[in-house]
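Coordinate analysis (summary)
Each chain, letter by letter, is given below.
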Amino acid sequence: PNAAKAIAKGSGTLVFEHSKAIGKKTDVIIEESGKVQLDAGVDQRCADLYFGDEKQELGTWGSPESAATHKDARFTGTGVLTVRGRHPGLLLLFR
């Protein structure tokens, strides 16, 4: 199945004003010179983060001014984006 996507593209800025702006199963994609703004106090969870077609590491992402583990100029503000990855679900096997 295709995942939901939140895309920052061109000169656009994807703005997260609170921590439940998107679902935790949504992919965040930053293309070209797009930006992601994470306002103060935001800890937005997502499935995967892509810079163009390149999947990024799991963990927290944010601007150089944030408390994130991974800091990048594609982000602004002091909030963080927590990239959790996809969890395939639970398989129970009974014998």
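The strands making up a sheet associate through hydrogen bonds between their backbones, and the pairing can be parallel or antiparallel. Here we have four strands laid out as an open sheet, ordered 5-11-8-9, and mixed in their pairing. At either margin of the open sheet sits one strand with a lone partner, and together these are strand 5 (43-46) and strand 9 (70-71). Alignment of strand 5 against strand 11 (residues 80-83), held across four bridges, turns out to be parallel. Bridge pairing links Asp 43 to Val 80 in strand 11.

Let us now look at the pairing of strand 8 (residues 59-62). Pairing geometry for strand 8 and strand 11, over three bridges, is antiparallel. The residue of strand 11 that forms the bridge with Gly 59 is Val 83. For strand 8 and strand 9, the ladder comprises two bridges, and the chain directions are parallel. Residue pairing in the sheet places Gly 62 in a bridge with Lys 71 of strand 9.

As a further point, take a positive patch on the surface. Together, Lys 20, Lys 24, Lys 25, Arg 45 and Arg 84 line one region of the surface with positive charge. The exposure class assigned to Lys 20 is exposed, which follows from its relative accessible area of 73%.

This part covers unusual backbone geometry. The backbone phi angle of Glu 32 is positive, close to 50 degrees, even though this residue is not glycine. Here Glu 32 shows up in the loop between strand 3 (27-30) and strand 4 (35-38). By relative accessible area, which is 61% here, Glu 32 ends up exposed.

We now examine the packing of aromatic side chains. In this description, an aromatic ring pair is defined by two values, namely the gap between the centres and the angle between the planes. Evaluated as defined, the whole model comprises two aromatic pairs. When the ring of Phe 51 is compared with that of Trp 61, the centres are 5.5 Å apart and the planes differ by 80 degrees; the resulting orientation is edge-to-face. Linking Phe 51 in strand 6 (residues 49-51) with Trp 61 in strand 8, this pair joins segments that are ten residues apart in sequence. Of the two residues, Phe 51 and Trp 61, both sit in the buried class.

Cut-offs used in this document
- Residues numbered from 1 in each chain as written.
- Predicted model: local features only at pLDDT ≥ 70, side-chain atom pairs only at ≥ 80, totals over all residues.
- Heavy atoms only, no water.
- Pairing = 2+ DSSP bridges.
- Helix = DSSP H or I, 4+ residues; strand = E, 2+ residues; numbered from the N terminus.
- Patch = residues over 30% accessible without salt bridge, like charges linked within 9 Å, V, L, I, M, F, W, Y side chains within 5 Å.
- Areas by Shrake-Rupley, 256 points an atom, 1.4 Å probe, with all protein chains shown as cover.
- Salt bridge = Lys/Arg side-chain N within 4 Å of Asp/Glu carboxyl O.
- Lys, Arg positive; Asp, Glu negative; His and termini not counted.
- Charge placed at Lys NZ, Arg CZ, Asp CG, Glu CD.
- Buried < 20%, exposed > 50% of the residue type's maximum accessible area, 1.4 Å probe, protein only.
- Phe/Tyr/Trp six-rings, centres within 6.5 Å; stacked < 30°, edge-to-face > 60°.

The analysis is restricted to geometry; functional conclusions fall outside its scope.
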